[in-house]
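What follows is the residue order along each chain.
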Amino acid sequence: MHGCFISFDKFAITDLIIFMLFRKKKKSKSGKKKSPSAKPVLNSKRNDQIKIIVGYSLLAFSLYLTFAFVSFLFNAEADQSKLHLSWSELIRNASINVNNITGKTGAYLADVFINRWFGLPSFLLIYLLVLYAFWILKSKSFKLKNKIIKSLILIVWLSIALGFAFGHKYTDWSVYPGGSYGFHVSIWFNSLIGQIGTFFVLLITLIAFIILSFDKATGFFFFKSRKKEISEDKSVKNSDNEEAILEEDDTDLPEALNDEFGENVEEKPAEEILETLKVRDEVDLDDLPLSEEEAIEEAPVQFSEEKEEGPSMTVENAEESEEEVENEPLADYDPKLDLSHYEYPSIDLLETYSHMKSEVTDEELIENKNKIVETLRNFKIEIVKIKATIGPTVTLYEIVPAQGIRISKIKNLEDDIALSLAALGIRIIAPIPGKGTIGIEVPNRTPQMVSMRSIIASRKFQESTAELPVAMGRTVSNETFVFDLTKMPHLLVAGATGQGKSVGLNAIIASILFKKHPSQVKFVFIDPKKVELNLYSIIENHFLAKLPDAEEPIITDVEKVKATLNSLGVEMDARYDLLKSAHARNIKEYNKKFIERKLNPEKGHQYLPYIVVVVDEFADLIMTAGKEIELPIARIAQLARAVGIHMIIATQRPSTNIITGVIKANFPSRIAFKVASMIDSRTILDAPGANQLIGKGDMLFAAGSDMVRLQCAFVDTHEVEGVCQHIADQQAYPTAFLLPEYVSEDGGLDSGIDLQQRDEVFEDAARLVVLNQQGSTSMIQRKFSIGYNRAGRIMDQLEAAGIVGPSEGSKARKVLYQDEYSLEQLLNSL
């Protein structure tokens, strides 16, 4: 830089100084601009070249300082001992090297600016150099002087503030945030007015800097009343003399203007008056006396004030205010208003089970890894890489085989690896979806119990925005697994007895109870075993839905199950009619319109809660009622997603005659707990793997093509009782949510049997049942070669006539008549 400036002649330097000081054009004393012959020499080609060289030199130097400062922040400690030397010693000795990427010069400049001068605010000096370079190159038009002053003030203030804040830590750091200048000035202020005084001085100077730098900041520091005064003062903008002139001539001004324009000036706006002045007299408004111009602006203002005093103005304002009250939009409808004081269950109602926690030791991981590698080597399979991911129940070992190894070869070694590890439930995933690895899931020696409390308290569940969030448990990577039931949209749960199926159902129900209000979701519980879901009967008026004539909230009778499922079909059709009239595609859009009061309740519209149907022991229902149960379930599963009806069916018998093709096609999301055979696994998941689970809540969750292994969260019976009791103790609705009555095709209610319209073979079927002393629908179907539905109706008629007893699940019905003579007497009376 120094050599570059030496090569300039004195005329070039003089021209540069003149250009920097007199960049704007001057006016002569007479107010006229100078003639072109009086322009400085800067317009010459050589001066333009000088400006380009100087501007780009400053930009390059700014970039150099930036690298120097940034590198100094990371290498100051290493270069500290060398930078204490004098400048002459540092540059003369070639053996001295520094870590700064800009060399000794950059390191020395950074030490001077940052440590010896202003600290980190020295970066603003680079900003000033860049501004100055752009100003020389004329790439931007801005006021350089104001920006320089503001930047310098900010550099000094930041240096003192950083020295005041971090001065006590200067001995521990190699980079001083406020520099030596800020450190010593803050010490001087502390000794003079104390630390509290120094803080207030810095605060007041910062506020003053903000107010002087930004016009909009002025009103921010005033109270509300003062802001109003400032806005009023700005609208007037009159000096003391001008106010006096307006006060003297205020009354005569409209009349004078009327004489001038020959019409009532009070009815014309100020802009029109000014435009007329320009056109008629061609007056330059900049040369008008200020009092006259302000007087013209005051004319319409005075008229509006006089008009406000009239009675008509008062009446008009009153009408406007009344109209505003009438047109005020209604607040959004709140479905929670009926139970506005409802308190959601607390996680304190759930247990922690901290005594059940266990950890996988390093010895176990290393031992399992060595056995896996050794077993694969015995079959000439080399591994490039192996990685372990520890889960609550199993540990996933991800292996990358060598090139040329067939995946099927590793897959066939499942039993051999299980034998070498002496572990139950080895499962190989070949390959892992989305990864180029093969997974081997090995059960932990001491599985960890996942408590429902930890799942409910997790951030993923608490911050979930799903419509029906369900927290099931933890994945192999120990992450909380949460899914939205409305996206499934129906769920099939299967598994052998005692493997966690009932606990999984309770976890699903508890998740929804913890997250949703009673107005948002209703449950329909179907429990042929009569004991699994009976815990939820006490929240009947809060969360349950049932038929109007149902005595028990939990449906256990097969006939009531059929009536309830058909009633849900009626509810589904009614909801679709509401969606059609509201022009909504799903329940979410419909409820949003209803909340925003875009739908009229007088036309039948209402807020629609989600309905979750939970069916336990689905196999028993199929064996008892067959198609009469399967068909309404399939119809609901096919159509009810859009109207907010979702089904969860569970069974402990995953065979093909129970989980039929119709059921599998309509339940794409499935949960499989441990099953006995691979055939059962394929029936549930269409893939093996459920037979390799270790039980006690270990499960596979399949949604479409994705399959995830989880450890289901454990929720005990007393925890469910506590949650239900907390809900039951609060205010409830008068009744449960009532489903519509189902009317059968013959016009009567499905729950009633009309003995006046008996089947043609009714009497023959009665004699057959009494003769064999066995009441079975399948027997009637075989003997008379009729369909299952007709045979079921005949059996219902026999029950209504008192010939056979009620259904007892898979058992045959009891025959109440022992001989044909008494039966004939009954038939004659009918």
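In case you missed it, the structure is sitting above this.
Just so you know, these numbers come straight off a predicted model, no measurement behind them.

Reading the values: the criteria
- Residues numbered from 1 in each chain as written.
- Predicted model: local features only at pLDDT ≥ 70, side-chain atom pairs only at ≥ 80, totals over all residues.
- Heavy atoms only, no water.
- Phe/Tyr/Trp six-rings, centres within 6.5 Å; stacked < 30°, edge-to-face > 60°.
- Lys NZ or Arg CZ within 6 Å of the ring centre and 35° of its normal.
- 1 Å grid on protein atoms, 1.4 Å probe; cavity = no way out; pocket = protein on both sides within 12 Å on 5 of 7 lines; lining within 4 Å.
- Points joined across faces, edges and corners; volume = space filled by probe spheres on them.
- Helix = DSSP H or I, 4+ residues; strand = E, 2+ residues; numbered from the N terminus.
- Nonpolar A, V, L, I, M, F, W, Y, C, P; charged D, E, K, R; others polar.
- Salt bridge = Lys/Arg side-chain N within 4 Å of Asp/Glu carboxyl O.
- Buried < 20%, exposed > 50% of the residue type's maximum accessible area, 1.4 Å probe, protein only.
- Contact = heavy atoms within 4.5 Å.

Trainee: Account for the packing of aromatic side chains, naming residues and giving values.
Mentor: This model, assessed by the stated rule, comprises 17 aromatic pairs. On the basis of an interplanar angle of 50° and a centroid distance of 6.2 Å, the ring pair of F481 and F483 is categorised as tilted. Following the ring pairs from residue to residue traces out a cluster consisting of F69, F113, W117, F118, F123 and Y181. Just above the ring of F461 sits the side chain of K515; from NZ or CZ to the centre is 5.4 Å.

Trainee: Quick one: what's the story with empty space enclosed by the protein, residue by residue and with numbers?
Mentor: In total, this model carries 3 cavities of 30 Å³ or more according to the counting rule given. Considered as a void within the structure, the second largest cavity measures approximately 40 Å³ in volume. Forming the boundary of the second largest cavity are P392, T393, V394, R474, T475, V476, D698, R709, L710 and Q711. Those elements that provide at least two residues to the lining of the second largest cavity are β5 (469–475) and β14 (706–712). Among the elements that take part in the lining of the second largest cavity, β14 stands out by supplying 3 residues, more than any other. Tallied by class, residues from the lining of the second largest cavity come to 4 nonpolar, 3 polar and 3 charged.

Trainee: Now, about the pattern of salt bridges: what can you tell me, with residues and values included?
Mentor: A complete count under the given rule lists 29 salt bridges for this structure. Linking K529 and E532 is a salt bridge whose minimum nitrogen-to-oxygen distance equals 3.2 Å. We classify K529 as partly exposed; its relative accessible area is 36%. R670 is the salt-bridge partner of D686, the closest N and O atoms lying 3.1 Å from each other. Of this pair, D686 sits in the loop between α28 (678–685) and β13 (698–703) while R670 sits in strand β12 (residues 669–672), and the two are 16 residues apart along the sequence. With relative accessibility at 48%, the residue D686 sits in the partly exposed group. Where salt bridges share partners, they join R427, E441, D698 and R709 into one cluster.

Trainee: Account for the side chain of R575, naming residues and giving values.
Mentor: The residue R575 is located in helix α23 (residues 558–582) in this model. Look at R575 and you get buried, because its relative accessible area is 1%. In this structure R575 touches I587, L608, P609, I611, V643, G644, I645 and F737, once residues within four positions along its chain are discounted.

Trainee: Can you lay out unusual backbone geometry for me, pointing to particular residues and giving the numbers?
Mentor: Cis geometry is adopted by the peptide bond preceding P431, which originates at A430 and carries an omega value of -15°. Structurally, P431 is set in the loop between β3 (427–429) and β4 (438–443). Cis geometry marks the peptide bond from M488 to P489, where omega comes out at 0°. Despite not being glycine, N478 shows a phi value in the positive range, around 65°.

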